[in-house]
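# Geometric and topological summary
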Number of protein chains: 2
Amino acid sequence: MDKALSAVMAEGLSFSGQEKFERSGVMQISSRFTIAIHIFACIDTFGKDHKVTSEFLASSICVNPVIIRRILGQLKAAGLIHVQRGSGGASIARPLNEITFLDVYRAVECVGAEGLFHFHKHPSDKCPVGRNIHHVLDGRLDQIQGAMEREMEKITMDDVIRDTQHYIKGETENAALNEA
Amino acid sequence: MDKALSAVMAEGLSFSGQEKFERSGVMQISSRFTIAIHIFACIDTFGKDHKVTSEFLASSICVNPVIIRRILGQLKAAGLIHVQRGSGGASIARPLNEITFLDVYRAVECVGAEGLFHFHKHPSDKCPVGRNIHHVLDGRLDQIQGAMEREMEKITMDDVIRDTQHYIKGETENAALNEA
DNA sequence: GCTTAATGTAACTATTTTTATTACATTCAA
DNA sequence: TTGAATGTAATAAAAATAGTTACATTAAGC
């Protein structure tokens, strides 16, 4: 080890004595994401024949209607859906193949400005490793998050909804067979 | 809409009436991951000249020593490090280029069996969309998580530690210049 | 215009998860 | 045998997410 590091170590083998740290940021991939996709599938499935309200969606997804309204609000703010204020009901605002998982993911704020990884906030600046760990890691964490987001861009609501209708069709055909 | 769906809808435009739901699973990418990588960098930087104890690591990372010990325990269980019980101190158990981010990520259990995404647990089984949403989504969520994990496999502790030493060297060279 | 049904949101509570802390038995080396 | 360190249980504190209640606002139909 060189002299500078040795000097640090000699100070008592400890870098302690920093102030307490606050934390912040979104750290998890919220169920808002899967709920949002569920919402799209419901609007597509039922929207032609029925008004799709937050109450209705809540009963399919089994969460509180206010949760649904908040997510609807976020999807609306991102320009992905329309929501009819007084009379009620939601509809999809864009062609399904132009809405990617990443669009939805970002709309519902599963990832904040701090990124996907929760970094221990205040490594010691008295330690040479602590001082530099952010420089070393930040770019690589971004790289990983980027890989994930690129994969999310490959999947669209069209894919999901095609599969959904396929499964539903399978169900009703089975039911018809059982009746016969 | 076909007859089966219409029948469902006619029941009152709602799929309500299911039991309450429990939740489970790891939902976030814990700071254990960045802490673990920080630990490797510290062992590499200081391990040759000093005993690297949980107390020492805690003072560089600025978290409680018990948190460090738990993470050391997980890294040890995964065969990535050795920890000396009575006398103290940790060391790295494998060549640095054979320890990937994914190894570390899995060792510290950032992702549980349920996967990275938090799925709303009990969509209504009275709703055709609710009944099938898991079939539709599970595979695609795995696909996204897989992309992330493949990227994590590309990065090794060797990369991180080379960068760390590079930054530290830069610091000490700067300091030398300032003294001159 | 009045009524009705729905959205938009604020305020608050509850639940869950994560992180921190205290305490102590266990271990190993000198 | 002593001392310094790990391993871990039990618990507390903090943070984040989700759930709930309440109500003002909005739009459509009568």
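Parameters and conventions
Residues numbered from 1 in each chain as written. Chains lettered and ligands numbered in written order. Predicted model: local features only at pLDDT ≥ 70, side-chain atom pairs only at ≥ 80, totals over all residues. Heavy atoms only, no water. Least-squares fit on C-alpha atoms with pLDDT ≥ 70 in both. Phe/Tyr/Trp six-rings, centres within 6.5 Å; stacked < 30°, edge-to-face > 60°. Helix = DSSP H or I, 4+ residues; strand = E, 2+ residues; numbered from the N terminus. Buried < 20%, exposed > 50% of the residue type's maximum accessible area, 1.4 Å probe, protein only. Contact = heavy atoms within 4.5 Å. Buried area = accessible area lost by both parts, 1.4 Å probe. Salt bridge = Lys/Arg side-chain N within 4 Å of Asp/Glu carboxyl O. Polar contact = N/O pair within 3.5 Å; in protein donor to acceptor, adjacent residues only side chain to side chain. Nonpolar A, V, L, I, M, F, W, Y, C, P; charged D, E, K, R; others polar. Expected span 1.5 Å × (residues − 1).

The next thing to look at is the relation of the copies chain B and chain A. With an RMSD of 0.0 Å, the operation that places chain B on chain A is a rotation of 180° combined with a shift of 0.0 Å along the axis. Between the two chains, the operation in question is that of a two-fold axis.

Applying the stated rule across the entire model yields eight aromatic pairs over all chains. Seen in terms of ring centroids, A:Phe46 and A:Phe56 are 5.2 Å apart; in terms of plane orientation they differ by 85°. Their pairing is edge-to-face. Of this pair, A:Phe46 sits in helix 2 (residues 32-46) while A:Phe56 sits in helix 3 (residues 54-61), and the two are 10 residues apart along the sequence. Judged by relative accessible area, A:Phe46 falls into the buried class, the value being 0%. An angle of 80° between the planes, with centres 5.6 Å apart, marks the rings of B:Phe33 and B:Phe101 as edge-to-face.

This next bit is on the interface of chain B and chain A. Each partner contributes residues to the interface: chain B has 68 residues there, and chain A has 68 residues. Here chain B packs against chain A, burying approximately 6,300 Å² in sum over the two surfaces, 70% of which is carbon and sulfur. Contact with chain A buries area across many residues of chain B, yet B:His120, B:Val129 and B:Arg140 alone supply 9% of it, more than any other trio. For the pair chain B and chain A, the number of links is four salt bridges. Between A:Arg131 and B:Glu171 there is a salt bridge; the shortest N-O distance is 2.8 Å. Counting across the chain B and chain A interface gives 18 residue pairs in polar contact (both at pLDDT 80 or more). Contributing elements (two or more residues each) for the side of chain B that touches chain A: helix 1 (3-10), helix 2 (32-46), helix 3 (54-61), helix 6 (128-153) and helix 7 (157-179) of chain B. When residues of the side of chain B that touches chain A are assigned to their parent elements, the largest contribution, 17 residues, is made by helix 6 of chain B. When its residues are assigned to classes, the side of chain B that touches chain A shows 38 nonpolar, 22 polar and eight charged.

Given a rise of 1.5 Å per residue, 15 residues ought to cover 21 Å, and the 21 Å separating the end C-alpha atoms of helix 2 of chain A matches this to within 8%. Of all 15 residues in helix 2 of chain A, 14 are buried; the element is thus mostly enclosed.

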